[in-house]
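# Geometric and topological summary
The chain contents come next:
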Amino acid sequence: MSHEEDEDELVLEARAMLAVGRNAEEVFVALAARNSDWEASALVVCLALGVPRTDAETRIREARPLFEEFAVGEDDLVASVLAFVDVFVVDRVLDAHQERIRDLLGTAAGARGGFPGSLLAWFRSGELTNVFVYFARTRFRDGRGSPPGFWAAMVAAGELLVAEDGPGRAEVTAGLEHCRAQASSVGAGRQARP
């Protein structure tokens, strides 16, 4: 049996594990415990998740220096690090409406002065409602960022999100109202309380 056939079988096995509810980290640990090859195990998990091979290989190559920090048998720690650096994130293809929302949230992030790195996975996986709700709770202090630009982008993103019917709609509606109040108060020269 060739290496490619072995990999194909492992990808099928990983997909089966994912299908029964195991997460990417658990699947990685199960594979790594058998073959002691963290790179190959990570690649199989990525392929099973649907990450394109070239993207998966790039992510793993970038994470490779982190492997030096761990010893054989620390598969669970390696899995946690791989998840933390977003190796297992599946980038979601967005439609034009969703891309507009993501762009507005990106504009808001810039006006805010950035965002925590932990939100990158939400941007990449298209969890736009989560990003919006998180940003709607933003407070500006010490003159950082551009509150008018931030709140204007947030109102625009919220209006597009609230038009969608889905989970989190109540949170989006509440967040949109808060963003509108903030935009109004910033225009009047003050920031409303959250």
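For the structure itself, look to the data block above.
Residues numbered from 1 in each chain as written. Predicted model: local features only at pLDDT ≥ 70, side-chain atom pairs only at ≥ 80, totals over all residues. Heavy atoms only, no water.

### Quick word on the nonpolar core
In this structure, Leu105, Phe132, Phe135, Phe150, Trp151, Met154 and Cys179 are the most contacted members of the largest nonpolar core, which totals 28 residues. Of all the secondary-structure elements, those providing two or more residues to this core are helix H6 (96-112), helix H8 (128-136), helix H9 (147-162) and helix H10 (169-187). Leave out the neighbours within four places in its chain, and Met154 touches Leu105, Ala108, Phe132, Phe135, Ala136 and Cys179. Core analysis: the second largest hydrophobic core is formed by 26 residues, Val44, Ala79, Val87 and Phe88 among them. (Core = buried A, V, L, I, M, F, W, Y, C linked by side-chain atoms within 4.5 Å. Buried < 20%, exposed > 50% of the residue type's maximum accessible area, 1.4 Å probe, protein only. Helix = DSSP H or I, 4+ residues; strand = E, 2+ residues; numbered from the N terminus. Contact = heavy atoms within 4.5 Å.)

### Concerning unusual backbone geometry
Peptide bonds are mostly trans, and most non-glycine residues show a negative phi. One non-glycine residue, Ser36, lies in the positive phi region at around 55 degrees. Tracing the backbone through its elements, the reader meets Ser36 in the loop between helix H2 (24-35) and helix H3 (38-49). Residue Ser36 is classed as exposed on the basis of its relative accessible area of 56%. A positive phi angle, close to 65 degrees, is found at Asp86, a residue other than glycine. Structurally, the position occupied by Asp86 is in the loop between helix H5 (75-84) and H6.

### Points about helix H4 (residues 53-67)
Taking 1.5 Å as the rise per residue, H4 with 15 residues should run 21 Å; its terminal C-alpha atoms sit 20 Å apart, in good agreement. Listing the buried residues of H4 in full gives Ala56, Arg59, Ile60, Ala63 and Phe67. Its buried side turned inward, H4 meets H3, H5 and helix H7 (120-124). (Expected span 1.5 Å × (residues − 1).)

### A closer look at H3
Counted at 1.5 Å a residue, the expected span for H3 with its 12 residues is 16 Å, and the 16 Å between its end C-alpha atoms agrees. Among the 12 residues of H3, nine are classified as buried, and the element is accordingly described as predominantly covered. Considered for burial, the residues of H3 that qualify are Trp38, Ser41, Ala42, Leu43, Val44, Val45, Cys46, Leu47 and Ala48. The residue sitting at the N-terminus of H3 and contributing the capping side-chain oxygen is Asp37; that oxygen lies 3.2 Å from the backbone nitrogen of Glu39. (Polar contact = N/O pair within 3.5 Å; in protein donor to acceptor, adjacent residues only side chain to side chain.)

### Quick look at the packing of aromatic side chains
Applying the stated criterion across every chain yields a total of six aromatic pairs. When the centroid spacing of 6.4 Å and the interplanar angle of 55 degrees are considered together, the rings of Phe123 and Phe135 count as tilted. Of the two residues, Phe123 sits in helix H7 while Phe135 sits in helix H8, which places them 12 residues apart along the sequence. Its relative accessible area of 0% is what places Phe135 among the buried residues. Feature note: the residues Phe123, Tyr134, Phe135, Phe150 and Trp151 constitute an aromatic cluster, connected by ring pairs. (Phe/Tyr/Trp six-rings, centres within 6.5 Å; stacked < 30°, edge-to-face > 60°.)

### Here we look at the pattern of salt bridges
Oppositely charged side chains are able to pair whenever their charged atoms sit close together. This structure, assessed with the given rule, holds nine salt bridges. In this structure, Glu57 engages Arg53 in a salt bridge whose closest nitrogen and oxygen atoms are separated by 3.5 Å. Taken as a pair, Glu57 and Arg53 lie in helix H4 at a separation of four residues, close to a single helical turn. The shortest N-O distance in the salt bridge between Arg59 and Asp91 comes to 3.1 Å. With Arg59 in helix H4 and Asp91 in the loop between H5 and H6, this residue pair connects regions lying 32 residues apart in the sequence. Residues joined in a network through salt bridges with shared partners are Glu7, Arg53 and Glu57. (Salt bridge = Lys/Arg side-chain N within 4 Å of Asp/Glu carboxyl O.)

### Re the layout of surface pockets
In this approach a probe as big as a water molecule rolls over the atoms, and the regions it shows empty are the leftover space. Estimates place the volume of the largest pocket at around 230 Å³. Together, 13 residues line the largest pocket, and Leu128, Thr129, Leu161, Glu164 and Pro167 are the ones closest to its centre. Listed by contribution, the elements that provide at least two residues to the lining of the largest pocket are H8 and H10. Among the residues making up the lining of the largest pocket, the classes are represented as four nonpolar, four polar and five charged. (1 Å grid on protein atoms, 1.4 Å probe; cavity = no way out; pocket = protein on both sides within 12 Å on 5 of 7 lines; lining within 4 Å. Points joined across faces, edges and corners; volume = space filled by probe spheres on them. Nonpolar A, V, L, I, M, F, W, Y, C, P; charged D, E, K, R; others polar.)

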